[in-house]
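# Chain and residue survey
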Amino acid sequence: MAISTPSDWSLTSPTTFSSHHKHQLYHPPFHLPCSNFHRQIVSSSASPSPETLQDSLTPATSSATFSSLMFQQQQQQQPPEFDNHEMNQQICQLISKDGESEELGLQLYHKAKLSAGFRPEKSTLNQVLKSLLKAQKWGSVSQIVGDFRKYSLFPDGSVCANMISSCIRARKFRILDTFLDAFQPENELSVMAFDVAMRGYNSLHMYTSTVKVYEKMRSAKIASDTGIYCHIMEAYMKIGDNERVLELFREFESMASVSKACNPAKIYAVLYESLGRSGRAFEALEIFREMGEKGVQEDPSIYASLVSSFASIGEVGVAEELFNEAVEKKMMRDPAIFLKMVLLYIENGLLGKSVGVVRAMKEAKVGVSDCIFCAIVNGHSKRVGLQAAISVYNELVLEGCEPGQVTYASMINVYIRIGLYAKAEEVFRVMEQKGFDKCVVAYSSMIAMYGKRGKLKEAMRLLAKMKERGCKPNVWIYNALMDMHGRAGNLRQVEKMWNEMKRRRVAPDRVSYTSIISAYCKAREFETCVRYYNEYRVNGGGLDRAMAGTMVGIFSKMDRIDDLVKLLQDMKSEGTGLDGRLYWSAFNALRDAGLAVQAKWLQDSFQHAQLKA
C-alpha cells in the first residue's frame, strides 16, 4: 500500500537538472545507502499534488523537467515497501555526527513522523533527545515529550534523568510537568523520573514544587520508594510542616516492602532533624533506640541529626553521649557537628572539652577548619581572658592545627589589645606569607594599632599596600585614618580620607561623622563642624554620647543657644546620656544667656550628670 509523503521530505533543495539527467530523480547528498524510504519520498504514487512538487524544485528547473517528473510519478504503480527499522537507523547515523549532518537527522526525524507507517525506536528517541538537550532546543524538546505518550515509548533511564535535570537547571518547569504527566503506574521509569525531579527541586530549595510533584505522583497512583519518601519528608521539614513529616514516616513504616528496598537511614535522619526543630528531640532519641530492633542500619547522618538537635536545645549531657558514641563507632565525620559541639562546650564554660573535640577530629582524620580554630580562640578570649586565648592558640598550633585567615585576624586583635604590638606584626607577616593578604579585618586592626602608636607613615604605607593588592578599604579603616589624622591636627589628610571614602562609595557611619567633627572641633573650625553635624542628622543619624557631647561643647562655645536647646531635647528623647563636664558646659551657657527656665529643665532632665564644680 502506498504511503503518502509530503513534498518537503527531501533533506536539501534539489539541484538544477542538466539536459542529460533531465529524467533522473534527485538523491540526498550525504553518504548513506539510498533506502527504499528515500526513493519513496520522491516517487510514491500517493505523493503530493503537482503544485506542491513544483514548489520543491529550483527556479532553474524547466517546465519540461517538471512534466517529466510528474509523468514518472504517475507511471509508478507499486511503491517499494516502507522499512521502518532502516529509517530509524539512518536517523541515528545522521544525529550521531556533529554539525550539518546532526541537523539533517533531526529534520528527517520530524518529517518521518508525518508518515503513518513510521514508529521511532528507543535508540532513535535517545539520540534525538540527547541532541536537542545539548543544543538546548526547548521547543523541540517539548514536541519530543509529546511523542513519548503518542508512541507509548520512553528513552533509557539515564537519558530521562538527564532530561529532567536539564529542565530543572534551565528552569523549564512546564516541559518537566508535561514529561511527568506522560508516566503511568506500569512504567518502570516512573519512580526514577519523579525521584530525580523531587531531588532537583529540593536542591534549588523549591520545596513547594517538590510537594506538587509528589501530589502529581500520588494522583497517577505511582508507588513511592525510599528515595521518594526521603525527598518529600525533607521538603515538608524545610517548609516547617513537621507534623506532616511524622505522618509520612508512619506511612513509610507501615509499608514493609518499601522499607526493605534499601537502607532507610536517610529517612530516619530527616525525621530526627524535623523532630529536633519542633523541640521533640527526646522523642527522636526514643525512635532512634528502637531503630536497631527493626534492623535499620545506623548511619553518620543519623548521629549528625541527633547531636545537632540536642546541641540546639542546650542538652550538653545527651549531646555529648551521642557524640562520643558516634566517635567510637567512627560515624562522626561532619565538620559542622564538630563545630556545634565546640560552640556548645564554650557556651557552657567547658573550654577544656572544646579542645578535646579537636583531638577527636584528628583521630577521625577530619580536618580542623579555621572556623573551629577561631571559635576556640575567641571562646577562651571571652570566657577566660586574652592570655588564655594566646595559650590555647599556641597549644593547637603545636598539635598540628593550621590557622586560617579568620584565626590570624583574631590573634592580631588579641595581641594588639594586650599591648604586644611586635607579636601582632609578626602574625600579620606570617599571614601575608601564607597568602592571606586581602583580609580587611586584619588591615583594619593593624592600621588602628599604628594610629594609636602615632605611626601615621606606617598606617598610610599599609593602606597603599592594601590598595595595590586589590583589597578595598572599608569604613572602619577610613574611620581609623581620619581619627589618627584628626588627633595630629592634619585636617588636609582628614578631608582627603573623607573625599576618598565618598568617591569609593563607602557610606560613612556615626563614627565617621564623629571623627571628622572632632577633627575640625580641635582646629576650632566650628562652622564646618555644624555643617557636618546637620548633614549627619538630615541623613537620619542618631545621637550617641560621643557625638552629642562634642556638639554640646561646640554649640556652647558658639553661643548658639537655640541649637543647644534643640540638641538637649533630642538627647532627652533619644535617651542619650551626658557626662558631668558637658553638663556644666551646657548649664553655664543657658544660665549666661538668661534662660533660667531652660537651665532648670536641664537640671531636672540630666540629674545623673550633675557634679560638684
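Parameters at a glance
- Residues numbered from 1 in each chain as written.
- Predicted model: local features only at pLDDT ≥ 70, side-chain atom pairs only at ≥ 80, totals over all residues.
- Heavy atoms only, no water.
- Helix = DSSP H or I, 4+ residues; strand = E, 2+ residues; numbered from the N terminus.
- Buried < 20%, exposed > 50% of the residue type's maximum accessible area, 1.4 Å probe, protein only.
- Contact = heavy atoms within 4.5 Å.
- Areas by Shrake-Rupley, 256 points an atom, 1.4 Å probe, with all protein chains shown as cover.
- Expected span 1.5 Å × (residues − 1).
- Polar contact = N/O pair within 3.5 Å; in protein donor to acceptor, adjacent residues only side chain to side chain.
- 1 Å grid on protein atoms, 1.4 Å probe; cavity = no way out; pocket = protein on both sides within 12 Å on 5 of 7 lines; lining within 4 Å.
- Points joined across faces, edges and corners; volume = space filled by probe spheres on them.
- Domains from an automatic or database assignment.
- UniProt positions renumbered as here; feature names shortened; annotations may be inferred.
- Phe/Tyr/Trp six-rings, centres within 6.5 Å; stacked < 30°, edge-to-face > 60°.
- Salt bridge = Lys/Arg side-chain N within 4 Å of Asp/Glu carboxyl O.
- Axes fitted to C-alpha atoms, helices over the stretch in contact; angles between N-to-C directions.
- Parallel < 35°, antiparallel > 145°, perpendicular 65-115°, else oblique.
- Left-handed = near helix turned anticlockwise from the far one by under 90°.
- Nonpolar A, V, L, I, M, F, W, Y, C, P; charged D, E, K, R; others polar.
- Disulfide = S-S within 2.5 Å.

What the protein contains, in helices and strands, is 34 helices and 0 strands. Counting all 613 residues of the protein, 48% fall into the buried class. If you take every contact in the protein between residues at least 6 apart in sequence, the share linking residues at least 24 apart comes to 64%. In the form shown here, the protein has an accessible surface area of approximately 30400 Å², with 50% of it arising from carbon and sulfur atoms.

Let us look at helix α5 (residues 100-112). Two residues of an α-helix separated by three or four positions point the same way, owing to the 3.6 residues in each turn. The terminal C-alpha atoms of α5 lie 18 Å apart, and with 13 residues this matches the ideal 18 Å at 1.5 Å per residue to within 8%. Here α5 has its buried residues at Glu 102, Leu 104, Gly 105, Leu 106, Leu 108, Tyr 109, Lys 111 and Ala 112.

A few words now on helix α19 (residues 335-347). Over its 13 residues, α19 runs 18 Å from end to end, which matches the ideal 18 Å to within 8%, given 1.5 Å per residue. Among the residues of α19, those classed as buried are Ile 337, Phe 338, Leu 339, Met 341, Val 342, Leu 344, Tyr 345 and Ile 346. The residue sitting at the N-terminus of α19 and contributing the capping side-chain oxygen is Asp 334; that oxygen lies 3.0 Å from the backbone nitrogen of Ala 336. Note on α19: the residue one or two positions beyond its end, Gly 349, has a positive phi of about 75°.

Computed from the structure, the second largest pocket encloses a volume of approximately 260 Å³. Taken together, Ser 444, Ala 448, Gly 451, Lys 452, Trp 476, Asn 479, Ala 480, Asp 483, Met 484, Arg 487, Asp 509 and Val 511 make up the full set of residues lining the second largest pocket. Elements that contribute at least two residues to the lining of the second largest pocket include exactly α25 (440-452) and α27 (475-487). Here the lining of the second largest pocket gets 6 residues from one element, more than from any other, and that element is α27. Residue assignment places the lining of the second largest pocket across two domains, with domain 2 (403-472) and domain 3 (474-541) each supplying three or more.

This part is about the environment of Lys 329. In this structure, Lys 329 sits in the loop between α18 (316-328) and α19. Residue classification places Lys 329 among the partly exposed residues on the basis of a relative accessible area of 38%. For the pair formed by Lys 329 and Glu 298, sequence separation is 31 residues and the distance between their alpha carbons is 9.8 Å. Residues within four places of Lys 329 in sequence aside, it is in contact with Glu 298 and Tyr 303.

Taking the UniProt record as the reference, the feature "repeat: PPR" (unreviewed entry) is found at residues 264-298, 404-438, 439-473, 474-508 and 509-543. Across residues 404-438, helical content stands at 77% and strand content at 0%; the span's end C-alpha atoms are separated by 13 Å. Helix and strand shares over residues 509-543 are 74% and 0% respectively, and the end C-alpha atoms of the span are 12 Å apart.

This structure, assessed with the given rule, holds 22 aromatic pairs. Residues Tyr 520 and Tyr 532 carry aromatic rings whose centres are separated by 6.0 Å and whose planes lie at 25° to one another, so their mutual orientation is stacked. One end of the pair, Tyr 520, is in helix α29 (residues 510-522); the other, Tyr 532, is in helix α30 (residues 526-538), with 12 residues separating them in the sequence. Judged by centre distance (6.0 Å) and plane angle (80°), the rings of Tyr 533 and Phe 555 are edge-to-face.

For the structure shown, the criterion picks out 32 salt bridges. Salt bridges sharing common partners tie together Arg 289, Glu 298, Glu 321, Glu 325 and Lys 329.

This brings us to the packing of helix α21 (residues 370-383) against helix α22 (residues 386-398). Orientation of α21 relative to α22, taken along the N-to-C sense of each, is 150°, at an axis distance of 7 Å. Of the possible angle classes, the one that applies to α21 and α22 is roughly antiparallel. For the pair α21 and α22, the sense of crossing is right-handed. Each of Phe 373, Ile 376, Val 377, His 380 and Ser 381 in α21 lies in contact with α22, whose residues at this interface are Leu 386, Ala 388, Ala 389, Val 392, Tyr 393, Leu 396 and Val 397. Across the contact of α21 with α22, the residue classes tally to 10 nonpolar, 2 polar and no charged.

As enumerated under the stated definition, the model contains 0 disulfides in all. A disulfide-free cysteine, Cys 371 has its sulfur positioned 7.1 Å from the sulfur of Cys 374, the nearest such atom. Look at Cys 371 and you get partly exposed, because its relative accessible area is 47%. You can see Cys 521 has no disulfide; the closest cysteine sulfur is in Cys 529, sitting 5.1 Å from it. Judged by its relative accessible area of 18%, Cys 521 falls in the buried class.

Turning our eyes to something else, we now look at the packing of helix α7 (residues 138-151) against helix α9 (residues 173-181). Contact geometry of α7 with α9 gives a least axis separation of 9 Å together with a crossing angle of 10°. In this view, α7 runs roughly parallel relative to α9, as classed from their interaxial angle. On the side of α7, the interface is formed by Trp 138, Val 141, Ser 142, Val 145, Phe 148 and Arg 149, while α9 contributes Ile 175, Thr 178, Phe 179 and Asp 181. Residues that form the contact of α7 with α9 fall into these classes: 6 nonpolar, 2 polar and 2 charged.

Across the chain, the bulk of peptide bonds are trans and the bulk of non-glycine residues have phi less than zero. Unlike most non-glycine residues, Lys 330 shows phi in positive territory, near 55°. Position of Lys 330 relative to the elements: it lies in the loop between α18 and α19. A residue is classified by how much of its surface remains accessible, and Lys 330, at 67% relative accessible area, is exposed. Even without a glycine there, the phi angle at Arg 505 is positive, about 60°. Looking at the element boundaries, Arg 505 is found in the loop between α28 (491-503) and α29.

Here the focus is the environment of Val 318. Counting through the fold element by element, Val 318 comes out in helix α18. In this structure Val 318 comes out as buried when scored by relative accessible area, which is 16%. Those residues in contact with Val 318 that lie beyond four places of it in its chain are Phe 282, Leu 285 and Phe 310.

On to the environment of Gln 93, then. Inspection of the secondary structure puts Gln 93 in helix α4 (residues 84-95). Exposure remark for Gln 93: the relative accessible area of 36% places this residue in the partly exposed category. Once the C-alpha coordinates of Gln 93 and Gln 127 are considered, the two residues, 34 residues apart in sequence, prove to be 9.3 Å apart.

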